[in-house]
Amino acid sequence: MWIRRVRFRCRKRLEPPAASPTPAPSGDADPLARFHTQPVHWGPCPDKPVPAEMRCAVVEVPLDYAAPGKGTVEVALGRLPATDPDRRIGSLLINFGGPGASGMAGLAADPKSFADLGERYDLIGFDPRGVGHSDPVSCAGSREAEIDPNADTAAILAAMREAVARCRRASGPVLAHIGTVDVARDMDVIRRVLGDDKLNYLGFSYGSRLGAVYAAQFPRTTGRMVLDGIDTLTEPMTEQALTSARAQQRALDNFLTWCAHQIDCVYGTNTRTAKEKVAALVERLDQKPLVGRDGTDVTGFAASLAIGQALYSPQAWPMLAKALALAETEEDPAGLLALLGLEESPDPPDPTGPPAPTDPPTSPESPDAAQGDGFGSVPADNAAAALAAVSCADDPDRSIDKADPAALEREFEQLDGEFRQVSEVFGPRQLVTLLACYGWPAGTDYIRKIDHPGAPPMLLVGTRGDPATPYEWTEETAERLGSAVIVDHKGDGHTGFASSPCVREYINDFLLYGRLPSGTRPCVAGE
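First things first, this report covers the structure right here in the doc.

Each value, and the rule that gives it
Counting from 1, residues in each chain are numbered in the order their sequence is written. In view of the model being predicted, local features appear only for residues whose pLDDT reaches at least 70, and side-chain atom pairs are presented and counted only at 80 or more, with totals across whole chains, interfaces and linings using the full set of residues. Side-chain metrics in this entry use all non-hydrogen atoms of the structure; hydrogen atoms and water are not considered. When the centres of two rings from Phe, Tyr and Trp lie within 6.5 Å, Trp using its six-membered ring, the rings pair. Their planes under 30 degrees apart give stacked, over 60 give edge-to-face, and anything left gives tilted. Think of it this way: any DSSP run of H or I at least four residues long counts as a helix, any run of E at least two long counts as a strand, and we number them from the N terminus. We call a residue buried when its accessible area falls under 20% of the maximum for its residue type, exposed when it is over 50%, and partly exposed in between, using a 1.4 Å probe and counting protein chains only. By definition here, charges over rings are those cases where NZ of Lys or CZ of Arg is within 6 Å of the ring centre and within 35 degrees of the ring normal. We define a salt bridge as a side-chain nitrogen of Lys or Arg found within 4 Å of a carboxyl oxygen belonging to Asp or Glu. Any two strands are treated as partners once DSSP identifies two or more bridges connecting them. Angular values range over 0 to 180 degrees, each being the angle between N-to-C directions of two axes fitted as lines to C-alpha atoms, with helices fitted over their stretch in contact. Residues count as neighbours in contact if any of their non-hydrogen atoms are within 4.5 Å of one another.

**With respect to the packing of aromatic side chains**
Right, on to step 1. Under the criterion given, the structure shown has 9 aromatic pairs.
Right, on to step 2. Between Phe-255 and Trp-317, the aromatic rings sit 5.9 Å apart at their centres with planes inclined by 80°, giving edge-to-face as the arrangement. Of the two residues, Phe-255 is situated in helix α8 (residues 237-260) and Trp-317 in helix α11 (residues 317-330); the sequence distance between them amounts to 62 residues.
Right, on to step 3. Relative accessible area serves as the criterion here: at 6%, Trp-317 is assigned to the buried category.
Right, on to step 4. When the ring centre of Tyr-471 is taken as reference, the NZ or CZ atom of Arg-464 above it lies at 3.9 Å.

Given below as structure tokens:
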């Protein structure tokens, strides 16, 4: 049956109960006064190495904004002070994506990329609640359900619900309050304690959703805001998955066009047949996986994950070309495993090359990692658990807990053809995400209802060949916000800041000088 074929894949995302936005306080009484007036004590950072001038701190925020006295969450911050303090504008909060990525680790990993902004801003990277050193969530080492391979659909779904329960037990109360709506409110507390009248913000990928939610909740305190790699706010779950598969296939087609112009492309110069051959490879590996040096099976599903990972940056395309050549000609999965970070590459990339813009290294994931004062250890599964929890908390469509197992299987069998028509390589993987939050109640519908919140003009960057955040979402989000200027980056890869000097110039001009063009402005690939 269809669900049985994908059961080991669909436990990648789990959903906490929805968080509801709480209106800003009115009148003189401020129920959050003790959070807004708390001092910030900067000191050593928990993870090494970090830039010499970087300092870290912890800020307390309410566990539940509807009941501020119910408990607290500790949110970890990292700060690089402005290098030209006489011209300092204020603080610039940066979110590097995810959800589940550590902002402190992202800031420490690549401060040079933000050197121009860092002249006049204190650069602030923070670990959102449930992530990294901010009361991290966990699923006790594994999000996978223990499933009998011969079980029927009802038993499989019951096992998935038990896996969710394990995450609840391991994470504690923060799991029920981990969605983007709560994180956006945390950002306003951070703004207040840092002494900024307005929130100046730079968000990549998932960080674009976080910025949009902040602007919707706090339009009057939204300052200069830039969102790069725009996440969807509005699309229903099935359409999200189809659009994502379509974007990944578009990025793969761009890669194959590039590959056809290389001397040693394993698929030759015909891009149409190349597309068919990649799909055939994925199908073949699902029937007969390749085996890595350590015994790891590389299925077609795993191969599609590896291909998708490499499409995030054109700098990884040579490595992808070699990985596919190894798999096709030598039945060696080493290159594909290397793209997944599971095995040493037979031909590793240049270590001096720039890092991917929105995939910074996360905090150390071992309990033995060096910790600074006041910071605890980070569970090994934290990034994956947080990705699951936040993604599901933000979407009211993702819960299908009440569905009849037989009806659910029929629905997925019917959708399979539609998804494969969009992409033989990525369609099946995206279809699996429709089951990702089984076992949890529906998430919040607040984000989907965002509509012209009255925030000041902001800058949105969309990349035409982005495999993760399709350009269509840039236009949709700009319409929803009603106050956005679009930079149309006609390049490849995920986000534009790191790869495009043109994009970077628009972003820096706005954040540093408040200069915002009108309409949609193009940035040609490579410029």
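**Concerning the pattern of salt bridges**
Side-chain pairing between opposite charges can occur once the charged atoms of the two side chains come close.
Right, on to step 1. What the rule picks out here adds up to 20 salt bridges.
Right, on to step 2. Across the pair Glu-162 and Arg-169 runs a salt bridge, and its minimum N-O distance is 2.9 Å.
Right, on to step 3. Residue classification places Arg-169 among the exposed positions, given a relative accessible area of 57%.
Right, on to step 4. Between Arg-464 and Asp-488 there is a salt bridge, and its shortest N-O distance comes to 2.9 Å. Of the two residues, Arg-464 is situated in strand β9 (residues 458-465) and Asp-488 in strand β10 (residues 484-492); the sequence distance between them amounts to 24 residues.
Right, on to step 5. A relative accessible area of 5% means that Asp-488 is categorised as buried.

**A short note on the sheet that holds strand β5 (residues 199-204)**
Right, on to step 1. With respect to topology, 9 strands assemble into an open sheet ordered β1-β2-β4-β3-β5-β6-β9-β10-β11, the strand pairing being mixed. The sheet is open, and its two borders are formed by β1 (55-62) and β11 (520-524), each paired with just one other strand. Strand-to-strand, the axes of this sheet are offset by a mean angle of 20°, without reference to chain direction.
Right, on to step 2. Summarising the sheet, β5 and strand β6 (residues 222-228) pair through 5 bridges and their orientation is parallel. Its bridge partner being in β6, Gly-203 is matched across the sheet by Leu-227.
Right, on to step 3. Against the sheet, helix α16 (residues 471-481) contacts β6, β9, β10 and β11, and its axis sits at roughly 160° relative to β9.

That is the geometry; function is a separate question.
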